[in-house]
Amino acid sequence: MQQIENIKESGGFLNRYIHDSETCHCEMTFSVYLPPQAEAGNVPALYWLSGLTCNDDNARVKAGAQRYAAEHGIAIIFPDTSPRGDDVADAEERYDLGKGAGFYVNATQEPWLAHYQMYDYITKELPALLEKNLPLIPGMKSISGHSMGGHGALICALKNPDSYKSVSAFSPICNPLNCGWGQGCFSAYLGEDTNSWKNYDATSLIEAGANVTDILIDQGTADEFYDEQQLLPENLKAACDKSGQALTLRMQDGYDHSYHFIASFIGEHIAYHAKALKT
C-alpha cells in the first residue's frame, strides 16, 4: 500500500494509494479522505462506489463530500470501478463493459475471470487492507454509490447485512436483470445462466429474502437513464413493499444523473450514515 498523493482538505487529508491486489491480480488505485478527527483516534468509514466510466477521482473531486465527512468525523473510501492495466481485459468499443465498468461482480467467464473480481475486492480485500493500515474502526463501515456504484452498494449491503451499518444510493441500477446495461455486462461476466445473475441484482435479492435495516435512495426525475429504463427504481420499490424491506425512495424533481445532483444531496446522505455509524 503506497501513498502517491496527499492533499489537505477541510481540516483532514485526501490521500491516494496504489497496491497490488491479490483479488484482482493487478495494481489497484484508491483514494481515502481522513477527517481531522482521525489524528486523535480511529474513525468509522463510508465506502463510495462510483459509476460507469469513473475511477476513484470522480467523486472525490465532484461530490463535495469531504466537508461533510469532516463535520461528522467519518472517513470516505473511494475505490476504483474496475481493474486496470495492460494485461486486463477490456472492450474498447464499449463504455459499459470492461475497464471502468466492473459492475462490482465476481466474473466467472473468460477473458474477465482473471481480474474482474470486484465484489470480493470491495467487500473483503480492500476493507481488510485499510483497517490494518489506516486509523479506521474495524468493522464500523457503511456503503453508498452512484449509478453502477449504487447497484454495487445495494448488493454489497444486501449480501452482507452484518458488515455495513447503513446503505444509500444515488440513481442506482436497481434491477440489472431487466435493463440493457445489466444484461450486456452480466452475460459477459457471468455467462448466460440468468439464475446466477440474481446474486448480483438488488431487486432479486430482496425478492429472495435479503434484508437490511433501511435503504435510502435519491433519484432525479430528469435523469436520462431513468427515462431509458436503465435504473428501474420502481421495480426495487415493488420488491421492498412486498417483502417489508424499509426503503426511502426520494424522487427529486428536475435533477439529472450528474454529480450536480449528487452534490446537492450528499450532505444528507453522509448525515444519514453518520447516525448509523455512531449509534
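For the structure itself, look to the data block above.
Residues numbered from 1 in each chain as written. Predicted model: local features only at pLDDT ≥ 70, side-chain atom pairs only at ≥ 80, totals over all residues. Heavy atoms only, no water.

1. What about the sheet that holds strand E3 (residues 26-34)?
The strand order across the open sheet built from 6 strands is E1-E2-E3-E5-E4-E6, with neighbouring strands paired in mixed fashion. Looking along the sheet, the strands with just one partner apiece sit at the ends: strand E1 (2-9) and strand E6 (136-145). Across this sheet, the average inter-strand angle for adjacent strands is 25 degrees, counted without regard to direction. With 7 bridges connecting them, E1 and strand E2 (residues 12-21) associate as antiparallel partners. Within E2, the residue paired with Lys8 across the bridge is Phe13. This element, helix H3 (residues 118-133), spans E2, E3, strand E4 (43-49), strand E5 (75-79) and E6 of the sheet and lies at about 145 degrees to E6. (Pairing = 2+ DSSP bridges. Helix = DSSP H or I, 4+ residues; strand = E, 2+ residues; numbered from the N terminus. Axes fitted to C-alpha atoms, helices over the stretch in contact; angles between N-to-C directions. Contact = heavy atoms within 4.5 Å.)

2. Considering the pairing of E4
Where burial is concerned, most of E4 is hidden: 7 out of the 7 residues are buried. With 6 bridges joining them, E4 and E6 adopt parallel strand pairing. What sits directly across from Trp48, in E6, is Ser144. Strand direction decides the pairing type here: E4 and E5, joined by 3 bridges, are parallel. If you follow Ala45 over to E5, its bridge partner there is Ala75. (Buried < 20%, exposed > 50% of the residue type's maximum accessible area, 1.4 Å probe, protein only.)

3. Digging into the sheet that holds strand E9 (residues 247-252)
A sheet is described by the order of its strands in space; here 3 strands give the open sequence E7-E8-E9, paired in parallel fashion. Looking at the sheet topology across the chains shown, the edges are occupied by strand E7 (168-170) and E9. The average undirected angle you get between the axes of adjacent strands in this sheet is 10 degrees. In terms of strand pairing, strand E8 (residues 215-220) meets E9 through 6 bridges, oriented parallel.

4. Quick look at the packing of aromatic side chains
On inspection of all chains with the given rule, the structure shows 13 aromatic pairs. Summarising the aromatic geometry, the rings of Tyr255 and Phe265 are spaced 5.1 Å apart at their centres and angled 70 degrees between planes, so their arrangement reads as edge-to-face. Of this pair, Tyr255 sits in the loop between E9 and helix H10 (259-277) while Phe265 is found in helix H10, placing the two residues 10 residues apart along the sequence. For Phe265, a relative accessible area of 9% corresponds to the buried category. Ring geometry for Phe261 versus Phe265: centroids 5.8 Å apart, planes at 70 degrees, classification edge-to-face. Pair noted here: Phe261 and Phe265 are both in helix H10, with a separation of 4 residues, about one helical turn. Here the two residues Phe261 and Phe265 agree in accessibility, since each one is buried. In textbook terms, an aromatic cluster arises when at least three aromatic residues are bridged by ring pairs, as seen for Trp48, Phe170, Tyr255, Phe261 and Phe265. Sitting over the ring of Tyr68, Arg67 keeps its end group 4.8 Å from the ring centre. (Phe/Tyr/Trp six-rings, centres within 6.5 Å; stacked < 30°, edge-to-face > 60°. Lys NZ or Arg CZ within 6 Å of the ring centre and 35° of its normal.)

5. Remarks on empty space enclosed by the protein
Under the criterion given, the structure shown has 1 cavity of 30 Å³ or more. When its volume is computed, the largest cavity comes out at roughly 40 Å³. In terms of lining, the largest cavity is formed by Leu46, Trp48, Ala59, Ala63, Ala65, Ile76, Phe78 and Ile266. Mapped onto the lining of the largest cavity, the elements with two or more residues apiece are E4 and E5. Tallied by class, residues from the lining of the largest cavity come to 8 nonpolar, no polar and no charged. (1 Å grid on protein atoms, 1.4 Å probe; cavity = no way out; pocket = protein on both sides within 12 Å on 5 of 7 lines; lining within 4 Å. Points joined across faces, edges and corners; volume = space filled by probe spheres on them. Nonpolar A, V, L, I, M, F, W, Y, C, P; charged D, E, K, R; others polar.)

6. Describing the layout of surface pockets
Here the largest pocket is characterised by a volume of approximately 250 Å³. Contributing to the lining of the largest pocket are 15 residues, with Leu52, Thr53, Cys54, His146 and His257 lying nearest its centre. Of all the secondary structure elements, the ones that give two or more residues to the lining of the largest pocket are helix H1 (57-62) and helix H8 (224-227). For the lining of the largest pocket, the residue count by class is 6 nonpolar, 7 polar and 2 charged. Considered as a void within the structure, the second largest pocket measures approximately 220 Å³ in volume.

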